[in-house]
Each structure stands twice: as C-alpha cells, then as structure tokens.
Amino acid sequence: MILTTTPTIEGRTIAEYKGVVFGEVISGVNFIKDFAAGIRNFIGGRSGSYEEELVKARSNAMEEMASRARAMGADAVVGIDIDYEVLGPDNGMLMVTASGTAVKLA
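### A word on the overall build of the chain
- For the chain, the helix and strand inventory stands at 2 helices and 4 strands.
- For the chain, with 106 residues in total, the buried portion stands at 30%.
- Relative to all contacts within the chain whose residues are 6 or more apart in sequence, the contacts with residues 24 or more apart total 77%.
- By element, 56% of the accessible surface of the chain is carried by carbon and sulfur atoms, the whole surface being about 6,600 Å².

Laid out in structure tokens, this is it:
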C-alpha cells in the first residue's frame, strides 16, 4: 500500500478512484503522563510521554486508513491529510484523523 500526501504518484498512473478513506484514533492520556508533562511544562523541555502517544496515535490512524483502502480494492492512498484535536471536558483525550483518496494504480 502506497501512502502519500501528494495528489499523484510519480511514474504511476491512477486507473480508478475508489473513494475517500479515513482512519480515526482517540486515545486518553493517563494521570502519570499528565503529571510528567506538567513537570516538563514547569521546568522546560520536551514531553517524551506525550510525543510517544502522539506518534502511536498517528501510526494507528494511518494503519486503519490503509486497511479500509485495502478493503475497497485500492493499492494506494493519495492526498493524505492528518488532523489533531483534543477532546473531553479537560482536554484529556487526543483524536488523530488521517484521510485521503483510495486509488487503484494501473
């Protein structure tokens, strides 16, 4: 499965557009990560625990999108866009959405 943010794949021809596909992940961040991030916020520096959670959520959203594209008979997803949002009354949930166009290559 070829995944790209570009609208085309160099050297390949899009034979058929299968449709828009999405992959969504919502993950909660637990108390320990919140506490560690709070300390980092106070003293400065990067929050490795939050960064790790973000990487994991993005990877899972991409995998879910690719799986849905495969189920449609696609062999690539073009024009991928990734969006991030925080949800919940205390912004304790992270939502990552990956979307693109599933295509069949010639």
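Right, picking up where we left off after that structure.
### As for the sheet that holds strand 3 (residues 76–87)
- Reading across from one edge, 1-3-4-2 is the order of the 4 strands in this open sheet, with mixed pairing throughout. The two strands at the open ends of the sheet, each matched to only one other strand, are strand 1 (2–3) and strand 2 (14–28).
- Summarising the sheet, strand 3 and strand 4 (residues 93–105) pair through 10 bridges and their orientation is antiparallel. Paired with A76 across the bridge in strand 4 is V103.

### Overview of the pattern of salt bridges
- For the structure on display, the rule yields 4 salt bridges.
- For K18, the salt bridge identified is with E16, shortest N-O distance 3.3 Å.
- The closest approach of N and O atoms between R68 and E24, which form a salt bridge, is 3.0 Å. Here E24 lies in strand 2 and R68 lies in helix 2 (residues 48–71), a separation of 44 residues in the sequence.
- Taken together, the shared-partner salt bridges in this structure form one network comprising E24, E64 and R68.

### Re the nonpolar core
- With 14 residues, the main nonpolar core has V21, M65, A69 and V77 as its most contacted residues.
- Only strand 2, helix 2, strand 3 and strand 4 provide two or more residues apiece to this core.
- Ranked by residues supplied to this core, first place goes to helix 2 with 5 residues.
- Excluding residues within four positions of it along the chain, V77 makes contact with M1, I2, L3, T4, V21, M65, A69, G100, T101 and A102.
- Among the nonpolar cores identified, the runner-up in size contains 5 residues, and I9, A76, V103 and L105 belong to it.

### A look at the environment of A98
- Among the secondary structure elements, A98 is positioned in strand 4.
- For A98, a relative accessible area of 1% translates into the label buried.
- With residues up to four places along the chain from it excluded, the contact list for A98 reads V21, F22, G23, A61, M62, M65, D81 and I82.

Calculation criteria
- Residues numbered from 1 in each chain as written.
- Predicted model: local features only at pLDDT ≥ 70, side-chain atom pairs only at ≥ 80, totals over all residues.
- Heavy atoms only, no water.
- Helix = DSSP H or I, 4+ residues; strand = E, 2+ residues; numbered from the N terminus.
- Buried < 20%, exposed > 50% of the residue type's maximum accessible area, 1.4 Å probe, protein only.
- Contact = heavy atoms within 4.5 Å.
- Areas by Shrake-Rupley, 256 points an atom, 1.4 Å probe, with all protein chains shown as cover.
- Pairing = 2+ DSSP bridges.
- Salt bridge = Lys/Arg side-chain N within 4 Å of Asp/Glu carboxyl O.
- Core = buried A, V, L, I, M, F, W, Y, C linked by side-chain atoms within 4.5 Å.

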